[in-house]
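Chain residues, written in single-letter form:
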Amino acid sequence: MANELSEAQRSLIGTKNKKGQVYTDPYYLFNEAPRTTAFYTGSEVIKEAIRRASVDVMVAYPITPQSEAAALIGELYAEGYVADYMRGESEFAVMSQCAGAAFGGARVFTTTAGPGTMRAFENFPMWVGSRLPIQMIVTCRGINSPLSIQPDTLEMYFLLGTGMLIWHAETAQDFYDWILKAYIVAEQPDVHLPIAVCCDGFFVTHTKDTVSLTPPDMCLPPYDPYRSPVPCMDMEVPPVRMMRDPFVMKSNYISYLTHASWQEETRAACERSRKHTIPMIDGLIETENTDADILIVASGTAVSQGREAIRILEDEGIRCGLVKVKVLRPFPLEELREATKNAKYIFVPEFNVIGWLAQELKAALPDNHRIIDGPHVAGGMTMPAEVVVEEIKKTLGMTVATLAGRGS
Amino acid sequence: MSKEKIAICPEFYDIMPPEYRDLVEQSTYGKEDRGWKDIGQSKELIEEHSLCAGCPESIAFRYILASLPNPEDTVMVGSTGCTSLVFPHVAVHNIHSLFGNQNAIASGLKRALSVRFPNRIKDVVVLAGDGATVDIGLDMTLQAWFRQEKFTTICFDNELYANTGGQESGLMQKGFVAKMAPVGKKFEKVNLPEIARESGCCYVVMCTVSKPNLVEKVIKNAIILAREVGPTYLQIYTPCILEIGKDSMEGLQEMRDSERPGERFKYKEYITDEAKKYLAELEASKKEALVAP
Ligand SMILES: Cc1ncc(C[n+]2csc(CCOP(=O)(O)OP(=O)(O)O)c2C)c(N)n1
Ligand code: SF4
Ligand SMILES: [Mg+2]
């Protein structure tokens, strides 16, 4: 792990920042530092992670359900834990302000949700192409019309093609650990890409959960912009003349090849993040009982509902395994093929109308008739474990009792 | 950055392109009284350009780059448009990201540089077209001024969308017939200098690039004031000779014609009392330094 820091970062380990926090080796911080438990909302957990993340610039904008977290980071700024903080004028501007700060060599943090994510969209492929390791928390909410603020993960579907790293947290604990770990992975010179750490709005942001926290007086080493694979825009390194003619103006093979190879390189950088991510968060997926005939494959809070469903099924003597997809980009193709190889039925519960995870799995797994894309809920509907159980039993041809209160 | 940072390792000297060797040996980084008169006597910070022959944007670029008070610590922010064809040839760090978001990029950039270099001057200069500044990016242009972000915004006003082939822009004159204004533009040229003043810019100038002395002065004022006093805005007429049907030799005359009294690019300047005082004090302290032994 030590070699995942630069010389400049290593030299700061053990020294203190102006708040008296000790810059701590990330390996020690994540795995060995003493932990204390707290009972926090997801928004408070975001704040506590950022307190320890040595963030230089945060740009904020209100949108439910991330407004509280974004405002709490403002408190950290007032206390001196974040060097600069501003409210942008729109999510499009916010993501450009984040880009400007990252171009200038800052460690950057932002949060958004639903319509905010969609408003900002032009920025995301630009962040990727510019190799800016910005961390963006996405607390997913509906993007449909009529207006909805309810939990719904449809926006993640659009993010999948941007080239960003995309992690999907299930719990507040995931969130706490991953926010800190995301910077270490995203800032590796052979990765150096933006990362979206997503969660299901309200379910994670607005409910309290027990989380174990690292000490408040220890923080990540600061970002070292001189490890970037492209020059930091601070005039501290020679201003190279990048090209004779901008490629945008040339309709020739060299121009096409340059664009194509850079796109391939950014995708390859995303793939290269595996080798840092796997030890960091213990694999791109997590599995339980994958020898069972029936499997639930899910991400985010759908995993929690899946666990609950598995418990109910177990009481009825039906054995069902679980795959939690933690990382969506890079896509855990081999891991998923291996984990699902014994399954006869693969259920994919999701909090969105299109079932994008099921689509991804259908494209990736052999014998994809095994995949049952459901149950889906959307627009803020909850997904009681019984609904998952019902879907499974119906598919298996078993009789199901009508669920109380589900209409007739 | 210091000039040592662009120095070439002796072993590689002979394989470096001559343009880069010239930059190391004959550029004006760090020269205190650098200005447009260095053009022709030293290595310019612009290498070539792929603009149309005779496009006034090219001479505007040369004057501006020659006049930056502190190029070794200046980062420029561009936008999509004809200017984005030039930036890859420019020897100061510059960012192109998207079309119209230049003042948002500059806001984040300036803040990052202030966090990282609290005791040094790092100038941020935006240079974008009128479409970028006034139409698609207007909210970000104005909001950066409202927030008093400390950088200079320069708009190359060619009164149309040049790079996409001459469509109507907000800075186009009323009545002008263009693509997407097939019966003539129906509303007045947006009065951005006035809006800039109302939005909190401490120094606003509208001019052409017909007079290099003048360009040098306003560029220096704008950048120096943006360091300490507040946001500054320059709107510079750089006619798109291609789209208004002029020959490559006619750009200068077009600028001269349009800056005559009563014409739309007659020199216009607005400066706050605070900014005036700041410049006067700076001038006085320079004179003092000259008098002192
Ligand atoms: C989001 C987006 N919309 C539209 C465009 C197309 N586009 C590229 S350059 C340009 C016009 C630029 O006009 P201006 O800012 O006035 O600069 P000029 O070319 O006139 O110097 C347009 C519309 C784009 N690149 N991105
Ligand atoms: S299209 Fe117009 S503005 Fe663009 S380079 Fe040609 S003359 Fe200049
Ligand atoms: Mg224009």
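Residues numbered from 1 in each chain as written. Chains lettered and ligands numbered in written order. Predicted model: local features only at pLDDT ≥ 70, side-chain atom pairs only at ≥ 80, totals over all residues. Heavy atoms only, no water.

Across its full length, chain A holds 15 helices and 16 strands. What you see for chain A is a C-alpha radius of gyration of 22 Å, in line with the 22 Å of a compact globule of 408 residues. When its C-alpha atoms are laid out on the principal axes, chain A stretches across 70 × 55 × 45 Å. For chain A, contacts bridging at least 24 residues in sequence account for 80% of all contacts bridging at least 6. Within the structure as shown, chain A displays about 15700 Å² of accessible surface, and the carbon and sulfur contribution to it stands at 54%. Computed over 37 positive and 50 negative side-chain charges, the inter-centroid distance for chain A is 3 Å. (Helix = DSSP H or I, 4+ residues; strand = E, 2+ residues; numbered from the N terminus. Rg over C-alpha atoms; globule rule 2.2 N^0.38 Å. Contact = heavy atoms within 4.5 Å. Areas by Shrake-Rupley, 256 points an atom, 1.4 Å probe, with all protein chains shown as cover. Lys, Arg positive; Asp, Glu negative; His and termini not counted. Charge placed at Lys NZ, Arg CZ, Asp CG, Glu CD.)

The next thing to look at is the coordination of the magnesium ion (ligand 3). Residues and elements named next belong to chain B. Within the protein, Asp 130 (OD), Asn 158 (OD1) and Leu 160 (O) serve as the donor atoms for the magnesium ion (ligand 3), at 2.0 to 2.1 Å. Counting along the primary sequence, the residues that act as donors to the magnesium ion (ligand 3) give the motif D-x27-N-x1-L. On the basis of relative accessible area, Leu 160 is assigned to the buried category, the value being 3%. (Donors = N, O, S within 2.8 Å, 3.2 Å for Na, K, Ca; no water. Buried < 20%, exposed > 50% of the residue type's maximum accessible area, 1.4 Å probe, protein only.)

With 46 residues of chain B at the interface, the matching set in chain A holds 41 residues. Buried surface at the junction of chain B and chain A, summed over both partners, amounts to about 3500 Å²; 63% is from carbon and sulfur atoms. Among the residues chain B hides against chain A, the three largest losses belong to B:Pro88, B:His93 and B:Arg116. Together they make up 19% of the total. There are five salt bridges connecting chain B and chain A. A salt bridge links A:Asp234 to B:Arg116; its shortest N-O distance comes to 3.1 Å. For the side of chain B that touches chain A, the secondary-structure elements that each account for two or more residues are α1 (18-26), β1 (74-77), β2 (94-95), α3 (102-116) and α5 (138-146) of chain B. Element by element, the count of residues in the side of chain B that touches chain A is highest for α3(B), at 10 residues. Its residues assigned to classes, the side of chain B that touches chain A comprises 22 nonpolar, 11 polar and 13 charged. (Buried area = accessible area lost by both parts, 1.4 Å probe. Salt bridge = Lys/Arg side-chain N within 4 Å of Asp/Glu carboxyl O. Nonpolar A, V, L, I, M, F, W, Y, C, P; charged D, E, K, R; others polar.)

This brings us to the site of ligand 2. In the region of ligand 2, the neighbouring residues are B:Leu51, B:Cys52, B:Cys55, B:Cys82, B:Asn158, B:Ala162, B:Cys240, B:Ile241 and B:Leu242. Tallied by class, the residues present in the shell around ligand 2 amount to eight nonpolar, one polar and no charged. (Near = heavy atom within 4 Å.)

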